[in-house]
Amino acid sequence: MDYKYYERKLNDIIMKCPIEAGVEILVYNVLDNIVEPKGLSLVDINRLWKDRDPRLTTDAGVPDIAILSSDFQYKTDIGQVLGFIEVKATNKSLSETEQIEGQKSGTKHYIYTNGLVWKYYKNNKFEWEIPLDELKRNLIIKAQTISVSENTFKDLLARLNNIIWI
C-alpha cells in the first residue's frame, strides 16, 4: 500500500464517517499486506464473545484484530496467538486505559492505533510510536483533511515488516 492510498482512505473516514470500524478496515489492509506473505493469519475478532477461545481473550476483553500462526484452529490447542491490534476512531486519542493495559499484558506483540498514530509494544513494553499526520495531530476532533508524510508512512511499513512475530 502506498501513502497516497492510505491518506485518501483515512481522509474518507475522517470526512465521511469517522468511526472505529472504518479505521479498522484500513488498518487490517495495511497489516494483511505485511503478515500474509510471512505465512501468518490476520483475523478480525472484535465481535467475538469473551471466553469463546481463551487464547483470543485478554484480561481486558477481546481486542479488535489478532495475528495468528497459520496452523491456528479455533477452540482447540492448535496454533498460537502472536499479537493483538486495538483500533480506535480518528477522534479518539491513544490513551493508556485499563483496557489497553490489560490487552498489552496478554500478548507478546501489541499494536495500538487510531490511523493517525501507530504505537507498538513488545512484551508489554513500549517500543515505538509513529505519527503519520504531517501536523503531528494525534486525533481529529472535527472533520478536516490530513496529509500523510510519505517518509513517515514508509518508516511505519518498514517497522511493521521488521516485527518478528514468532
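Below is a short write-up of the structure. (Residues numbered from 1 in each chain as written. Predicted model: local features only at pLDDT ≥ 70, side-chain atom pairs only at ≥ 80, totals over all residues. Heavy atoms only, no water.)

### Remarks on the overall build of the protein chain
Step number 1: Across its full length, the protein chain carries four helices and six strands.
Step number 2: For the protein chain, the sequential pattern of α-helices and β-strands runs α-α-β-β-β-α-β-β-β-α.
Step number 3: Its C-alpha atoms give the protein chain a radius of gyration of 15 Å, within 12% of the compact-globule value 15 Å for 166 residues.
Step number 4: Along the longest, intermediate and shortest principal axes, the C-alpha atoms of the protein chain span 45 × 30 × 30 Å.
Step number 5: For the protein chain, buried positions account for 45% of its 166 residues.
Step number 6: Of all intrachain contacts in the protein chain linking residues separated by at least 6 positions in sequence, the fraction that spans at least 24 positions is 50%.
Step number 7: Treating the 22 positive side-chain charges of the protein chain as one cloud and the 24 negative ones as another, the clouds have centres 3 Å apart. (Helix = DSSP H or I, 4+ residues; strand = E, 2+ residues; numbered from the N terminus. Rg over C-alpha atoms; globule rule 2.2 N^0.38 Å. Buried < 20%, exposed > 50% of the residue type's maximum accessible area, 1.4 Å probe, protein only. Contact = heavy atoms within 4.5 Å. Lys, Arg positive; Asp, Glu negative; His and termini not counted. Charge placed at Lys NZ, Arg CZ, Asp CG, Glu CD.)

### A look at the packing of helix 2 (residues 20-35) against helix 4 (residues 150-161)
Step number 1: Look at helix 2 against helix 4: their axes get within 10 Å of each other, and the N-to-C directions meet at 50°. Classed by the angle they form, the pair helix 2 and helix 4 counts as oblique. When you trace helix 2 past helix 4, the crossing you get is right-handed. Two secondary-structure elements touch here, helix 2 through Val30, Leu31 and Ile34 and helix 4 through Leu157, Leu160 and Asn161. (Axes fitted to C-alpha atoms, helices over the stretch in contact; angles between N-to-C directions. Parallel < 35°, antiparallel > 145°, perpendicular 65-115°, else oblique. Left-handed = near helix turned anticlockwise from the far one by under 90°.)

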